[in-house]
Amino acid sequence: GARRIERIDVGHVRVAGGLGFAEAEDALSVSGDLLDGHGREVAVDIAGLEQVDSATLAVLLAWVARAKKRGVAVRFTGVPAGLRALAHLCDADPLLGIT
């Protein structure tokens, strides 16, 4: 399905639906909205992602990098098993805070 990003409350965001190659450019364009107004840390619940691929990983890494420039830490929760495996394979799990 289509990607949905919603602010739950201060410091919490939920991302659901598709976040693959087709949605990556749009997802990057809204990253400012995602990161602003959350203080020093934002928890991003990605349990609702319906598909994951290398574009998903690239978007999440870009969010982390952009947040870091703003002094904001991003913590991902509900990481789907497929994304966890992909991040591990690419040695990106430490960058995403995935353990």
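Just above sits the structure.
Reference entry: report on the structure contained in this document. (Residues numbered from 1 in each chain as written. Predicted model: local features only at pLDDT ≥ 70, side-chain atom pairs only at ≥ 80, totals over all residues. Heavy atoms only, no water.)

1. Section: unusual backbone geometry
Positioned with a positive phi, Asp91 is a non-glycine residue whose angle comes to about 60 degrees. Position of Asp91 among the secondary structure elements: in the loop between α4 (81-89) and α5 (93-96). A relative accessible area of 60% means that Asp91 is categorised as exposed. (Helix = DSSP H or I, 4+ residues; strand = E, 2+ residues; numbered from the N terminus. Buried < 20%, exposed > 50% of the residue type's maximum accessible area, 1.4 Å probe, protein only.)

2. Details of the nonpolar core
Counting 28 residues, the largest nonpolar core has Val44, Ile46, Trp63 and Phe76 as its most contacted members. Going through the elements one at a time, β2 (12-17), α1 (21-29), α2 (31-35), β3 (41-49), α3 (54-69), β4 (73-77) and α4 are the ones with two or more residues in this core. Per-element accounting of this core gives the leading share, seven residues, to α3. (Core = buried A, V, L, I, M, F, W, Y, C linked by side-chain atoms within 4.5 Å.)

3. Describing α4
Every buried residue of α4 is accounted for by Leu83, Leu86 and Ala87. Down the axis, α4 shows its buried residues gathered within 100 degrees of arc, on one side only. Pointing more than 90 degrees away from the buried face of α4 are the exposed residues Ala81, His88 and Leu89. Residues of α4 that are buried make contact with β3, α3 and α5. Where α4 terminates, the next one or two residues include Asp91, which has phi positive at roughly 60 degrees. (Arc of directions from axis to C-beta. Contact = heavy atoms within 4.5 Å.)

4. Digging into the pairing of strand β1 (residues 4-9)
With five bridges joining them, β1 and β2 adopt antiparallel strand pairing. Residue pairing in the sheet places Asp9 in a bridge with His12 of β2. Linking β1 back to β2 in an antiparallel pair, the connection comprises two residues, with Gly11 at a positive phi of about 90 degrees. (Pairing = 2+ DSSP bridges.)

5. Quick word on the pattern of salt bridges
Tallying each qualifying case throughout the model produces two salt bridges. Between Glu41 and Arg75 there is a salt bridge, and its shortest N-O distance comes to 3.4 Å. With Glu41 in strand β3 and Arg75 in strand β4, this pair connects stretches of sequence that are 34 residues apart. (Salt bridge = Lys/Arg side-chain N within 4 Å of Asp/Glu carboxyl O.)

6. Quick look at α1
Quick reminder: α-helices carry 3.6 residues per turn. Residues three or four places apart thus point the same way. Buried within α1 we find Glu23, Ala24 and Ala27. End-on, the buried residues of α1 take up no more than an arc of 125 degrees, which puts them together on one face. With respect to the buried face of α1, the exposed residues turned more than 90 degrees away are Ala22, Glu25 and Ser29.

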